[in-house]
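Spelled out, the chains give:
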Amino acid sequence: MPDLGKYAAEVLSAYGVSVLLIAVLVGWSFLRAARVRRALEDAEARSRAHGR
Amino acid sequence: MSLWEYANPKKFMQTSAWLLPWFTGLAGLTLVSGLVWGFFFTPDDFRQGATVKIIYIHVPAAMMAINIWIMMLVTSLIWLVRRHHVSALAAKAAAPIGVTMTLIALFTGAIWGQPMWGTWWAWDPRLTSFLILFLFYLGYIALWEAIENPDTAADLTAVLCLVGSVFAVLSRYAVLFWNQGLHQGASLSMDREENVADVFWLPLVTCIAGFVLFFVALLLMRTRTEIRARRLKALIARERMA
């Protein structure tokens, strides 16, 4: 860990907030992708079953 | 082969499925290398001390915030002129990434500004235009969510994107138009004299490349989701009519 001196709180909070925001964005994108893919597979299966 | 082939959702899904793992791997590698290099292996600035390490997040995030809006402008224009759904969906998919980048730039700028300028915030031209860009991003996302018909939503958000482009450009060039702001000039320039010192420049460029690759990877993934969501909506509508 580098010595951040009197600015440790500023530097660490800047990195912390940024990593957190990016993690939320990536996590949300993955969850939505999985949910939409599952729902589409179900809808396509229903569509095939009904010959549409 | 024409670029417009990729406006076909099926072709886009095939190509993006192949590209996505490569971009994801490259983005992870470049981003981690740049941030580790900048955070652990660069010296403090003689004037700004350790706060200079914030540059490796703040500058790439701010650049992405502006350039993502410009990318949305281009895809919105393609939608308005050629009516390719993939381009409208790519703009929709990019907006949450853009708003996150804008928020990161605003947060890290405030955190950096406090010890350097003695204030978290000033109504400086660049900061103010960035805040307005953030509000435009929120408005753009809200408009997509508020309108049921996807084509109408794409039309209206494209127009909003055109209007917001003024602030995206202003965010980039505000320091050149008005000199009274607190914010310094560009950290990166084609003019070597204006650039930050090499010891900061090299990891900074690596971080910027990492942010760009991260954006492309996430954009591909999110656009694929939007294409699937559109097909899902069409199938559900067909079920209801049957």
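In short, a report on the structure.

Each value, and the rule that gives it
Per chain, residues are indexed from 1 in the order of the written sequence. Starting at A for chains and at 1 for ligands, labels are handed out in the order in which the entities are written. Reporting in this predicted model follows two pLDDT cut-offs: at least 70 for local features of residues, and 80 or more for side-chain atom pairs to be given and counted; totals over whole chains, interfaces and linings ignore these cut-offs and use all residues. Helix and strand assignments follow DSSP, with helices taken as H or I runs no shorter than four residues and strands as E runs no shorter than two, numbered in order from the N terminus. Each radius of gyration is computed over the set of C-alpha atoms, and the globule rule expresses the reference value as 2.2 Å times the number of residues to the power 0.38. Working definition of burial: number of other C-beta atoms within 10 Å of the residue's own, with buried at 20 or more, exposed at 12 or fewer, and partly exposed in between, all C-beta atoms being placed from the backbone. The contact criterion used here is simple: two residues whose C-beta atoms, placed from the backbone, lie within 7 Å are in contact. Only C-alpha atoms enter the line fits that serve as axes; for helices the fit covers just the stretch in contact. Angles between N-to-C directions range over 0 to 180 degrees. Put simply, angles under 35 degrees are roughly parallel, angles over 145 are roughly antiparallel, angles from 65 to 115 are roughly perpendicular, and the rest are oblique. Handedness of each helix crossing follows the sense of rotation of the near helix against the far helix: counterclockwise by less than a right angle gives left-handed, clockwise gives right-handed. Residue classes follow a fixed rule: Ala, Val, Leu, Ile, Met, Phe, Trp, Tyr, Cys and Pro count as nonpolar, while Asp, Glu, Lys and Arg count as charged, and any other residue, Gly among them, counts as polar. A set of buried residues drawn from Ala, Val, Leu, Ile, Met, Phe, Trp, Tyr and Cys, joined through C-beta atoms within 7 Å, is what defines a nonpolar core. Multiplying one less than the number of residues by 1.5 Å gives the expected span of a helix.

## Here we look at the overall build of chain A
Right, so step 1: The number of helices and strands found in chain A is one helix and zero strands.
Right, so step 2: Here chain A has a C-alpha radius of gyration of 22 Å; the compact-globule value for 52 residues is 10 Å, and the former is much larger.
Right, so step 3: Along the first, second and third principal axes, the C-alpha atoms of chain A reach 70 × 15 × 5 Å.
Right, so step 4: Classification of the 52 residues of chain A by burial places 15% in the buried group.

## Let's talk about the overall build of chain B
Right, so step 1: Assigned secondary structure in chain B consists of six helices and zero strands.
Right, so step 2: Reading chain B from its N end, one meets helices and strands in the order α-α-α-α-α-α.
Right, so step 3: Computed over C-alpha atoms, the radius of gyration of chain B comes to 20 Å, within 12% of the 18 Å expected from 2.2 N^0.38 for 242 residues, which places it in the range of a compact globule.
Right, so step 4: Taken along the three principal axes of its C-alpha coordinates, chain B extends 70 × 35 × 30 Å.
Right, so step 5: Taken over 242 residues, chain B has a buried fraction of 40%.
Right, so step 6: A separation of at least 24 residues holds for 77% of the contacts in chain B among residues at least 6 apart in sequence.

## Here we look at the packing of helix H2 (residues 55–82) of chain B against helix H6 (residues 198–241) of chain B
Residues and elements named next belong to chain B.
Right, so step 1: At a closest axis distance of 9 Å, the pairing of H2 and H6 adopts a crossing angle of 40°. Of the possible angle classes, the one that applies to H2 and H6 is oblique. Crossing handedness for the pair H2 and H6: right-handed. Counting all contacts with H2, which are made through Ile55, Tyr56, Val59, Pro60, Ala61, Met63, Met64 and Ile68, the residues of H6 involved are Phe200, Pro203, Leu204, Cys207, Ile208, Phe211 and Phe215.
Right, so step 2: Across the contact of H2 with H6, the residue classes tally to 15 nonpolar, no polar and no charged.

## Some points on the nonpolar core
Residues and elements named next belong to chain B.
Right, so step 1: Counting 67 residues, the largest nonpolar core has Ala61, Ala65, Ile68, Ala94 and Leu133 as the members making the most contacts within it.
Right, so step 2: Take this core: its biggest share by element is 16 residues, from helix H3 (residues 85–117).
Right, so step 3: The residues touching Ile68, leaving out its near neighbours within four places in the chain, are Ala94, Ile97, Gly98, Met101 and Phe215.

## So, H2(B)
Right, so step 1: In this model, H2(B) (28 residues) spans 39 Å end to end at C-alpha, consistent with the 40 Å of a helix rising 1.5 Å per residue.
Right, so step 2: The first or second residue beyond H2(B) is B:Arg83, which carries a positive phi of 60°.

## Details of the interface of chain B and chain A
Right, so step 1: Across the boundary between the two partners, chain B contributes 32 residues, which contact 27 residues of chain A.
Right, so step 2: Contributions of two or more residues to the side of chain B that touches chain A are made by helix H1 (9–40), H3 and H6 of chain B.
Right, so step 3: With 12 residues, H6(B) is the largest single contributor of residues to the side of chain B that touches chain A.
Right, so step 4: Grouping the constituent residues of the side of chain B that touches chain A by class yields 20 nonpolar, six polar and six charged.

## Some details on the environment of B:Val36
All names here are of chain B.
Right, so step 1: Along the chain, the position of Val36 falls in helix H1.
Right, so step 2: Classification of Val36 by C-beta neighbours within 10 Å gives partly exposed; the count is 13.
Right, so step 3: In this structure, the C-alpha to C-alpha distance between Val36 and Leu235, residues 199 residues apart in sequence, is 46 Å.

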